[in-house]
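Survey of secondary and tertiary structure
Chain residues, written in single-letter form:
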Amino acid sequence: MSIDAEHLATRLSETICSTPGAAGDAMGWLWPALLRELARGHPVTVDDLAHTTGRGAGEVRDGLAGLSDTEYDEHGAVVGHGITLRETPHQFTVAGQALYTWCALDTLIFPTVLGRPAQVVSPTPGSGELVALSVDPDSGVTALQLIETQSYLQGDTAGPQSCRRRAETDPLATGWD
């Protein structure tokens, strides 16, 4: 099965931007700018978005009010909207900046929205085993590996200080027929 991430991102953006009651027009100018700012790895203020979009602070506040599920920090800055600065099971690294997404599908869409490649680590739905992949905005998923995690005891005595975790990576294709 192949996923056309660019097509999916375009369709998602078009649907969100044209949905009545989903901030309509604001999604077209605010949503991509918000995602790009969050990808820098720091909370995003209304002033940041006003500067980035060339819109007034009041218009930005109104636009943000129309975006459901936006995460804010204790100072009122945005820390998440699909891409989040808060840790989730879905790690998403762009230009060396560790970020997170709300779901695994987001990790396939956001490289296209941002126009930047990403490295992803996310659990599989059934077993919870971690999968690492590279996602390119133009060519989609370009690398895929299963990450096996093993715990083992070091030395003769068991205890919290002697338990270490070791990750080994093997291509998913190994052993699959």
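The structure we're discussing is the one just above.
Structural notes, computed from the coordinates. (Residues numbered from 1 in each chain as written. Predicted model: local features only at pLDDT ≥ 70, side-chain atom pairs only at ≥ 80, totals over all residues. Heavy atoms only, no water.)

Next up on the list: the packing of helix α3 (residues 46-53) against helix α4 (residues 57-65). Direction vectors running N to C along α3 and α4 enclose 110°, while the axes themselves pass 9 Å from each other. Comparing their axes, α4 and α3 come out roughly perpendicular. Contact residues: α3 offers V46, L49, A50 and T53, while α4 offers A57, V60, R61 and L64. (Axes fitted to C-alpha atoms, helices over the stretch in contact; angles between N-to-C directions. Helix = DSSP H or I, 4+ residues; strand = E, 2+ residues; numbered from the N terminus. Parallel < 35°, antiparallel > 145°, perpendicular 65-115°, else oblique. Contact = heavy atoms within 4.5 Å.)

If you walk through the whole model with that rule in mind, you get two aromatic pairs. With a centroid separation of 6.4 Å and an interplanar angle of 75°, the aromatic rings of F92 and F110 are classed as edge-to-face. Here F110 lies in helix α5 (residues 104-114) and F92 lies in strand β4 (residues 90-94), a separation of 18 residues in the sequence. A residue is classified by how much of its surface remains accessible, and F92, at 0% relative accessible area, is buried. Of the residues examined, F110 reaches a relative accessible area of 3% and is grouped as buried. What links up through ring pairs into an aromatic cluster is the set W31, F92 and F110. (Phe/Tyr/Trp six-rings, centres within 6.5 Å; stacked < 30°, edge-to-face > 60°. Buried < 20%, exposed > 50% of the residue type's maximum accessible area, 1.4 Å probe, protein only.)

In this section: unusual backbone geometry. Most peptide bonds are trans, and most residues other than glycine sit at a negative phi. Residue D69 is not a glycine yet carries a positive backbone phi of 65°. Relative to the helices and strands, D69 resides in the loop between α4 and β1 (71-72).

What follows deals with the pattern of salt bridges. Enumeration according to the criterion identifies three salt bridges in this entry. A salt bridge links E59 to R55; the nearest nitrogen and oxygen atoms lie 2.7 Å apart. For R55, a relative accessible area of 27% puts it in the partly exposed group. (Salt bridge = Lys/Arg side-chain N within 4 Å of Asp/Glu carboxyl O.)

What follows deals with the environment of G80. Following the sequence through the fold, G80 ends up in strand β2 (residues 78-81). Along the primary structure G80 and A39 are separated by 41 residues, whereas in three dimensions their C-alpha atoms are 9.9 Å apart. The contacts of G80, once residues within four sequence positions are left out, are L38, D69, T70, E71 and W102.

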